[in-house]
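Coordinates in review
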Amino acid sequence: VMDEQEIVERYASGQRSFDGAILEGADLSGSGLSGAELYKANLRGADLSGADLSGANLHRAILSGANLHGANLCGAELPQASLRRADLGGADLGGADLRRANLREADLQRADLAGAHLYGADLREADLSGANVKQEQLAQARSLKGANLPNGTVYE
């Protein structure tokens, strides 16, 4: 089991693959992990606020309850990731792959979802207030029930 310090040190020395890493509750705030391979990593409750995860592979990663506030997830691979109750407020998710991701009850306030793939994503009760996302993207989601939409209405 690697801790957050070891991840940062290994990444700095050129290692990019941390598939299946267990980093539950880790403090990786502000970390530069662009392009990291975190397939099936457990980051439940981790602090990744302000982190650079652009282009990272987080396919099937567990990020439930994680703090990703203001994180750069531009172009990140997040299909089937669990982001339930995650704080993605102000995060850059431009072009991110969120197909079949669980974003139930996630905070996406003011998040940039321009070009993000939301096919089959679960956005039930998510807060999309002020988010940059098109109606066509939201129409691809599996569910929006109870979600706060960017225009201030609640999806029935």
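Everything below is about the structure shown above.
Residues numbered from 1 in each chain as written. Predicted model: local features only at pLDDT ≥ 70, side-chain atom pairs only at ≥ 80, totals over all residues. Heavy atoms only, no water.

Things to note about the overall build of the protein
Along the backbone of the protein there are two helices and zero strands. In terms of overall dimensions, the protein is globule-like: its C-alpha atoms have a radius of gyration of 14 Å, near the 15 Å expected for 156 residues. Expressed along its principal axes, the backbone C-alpha trace of the protein runs to roughly 45 × 25 × 20 Å. Residues counted as buried form 44% of the 156 residues belonging to the protein. Excluding contacts between residues fewer than 6 apart, the proportion of contacts in the protein whose partners are at least 24 apart in sequence is 2%. With an accessible surface of roughly 7,000 Å², the protein has 43% of that area assigned to carbon and sulfur atoms. For the protein, the centre of its 15 positive side-chain charges and the centre of its 22 negative side-chain charges are spaced 9 Å apart. (Helix = DSSP H or I, 4+ residues; strand = E, 2+ residues; numbered from the N terminus. Rg over C-alpha atoms; globule rule 2.2 N^0.38 Å. Buried < 20%, exposed > 50% of the residue type's maximum accessible area, 1.4 Å probe, protein only. Contact = heavy atoms within 4.5 Å. Areas by Shrake-Rupley, 256 points an atom, 1.4 Å probe, with all protein chains shown as cover. Lys, Arg positive; Asp, Glu negative; His and termini not counted. Charge placed at Lys NZ, Arg CZ, Asp CG, Glu CD.)

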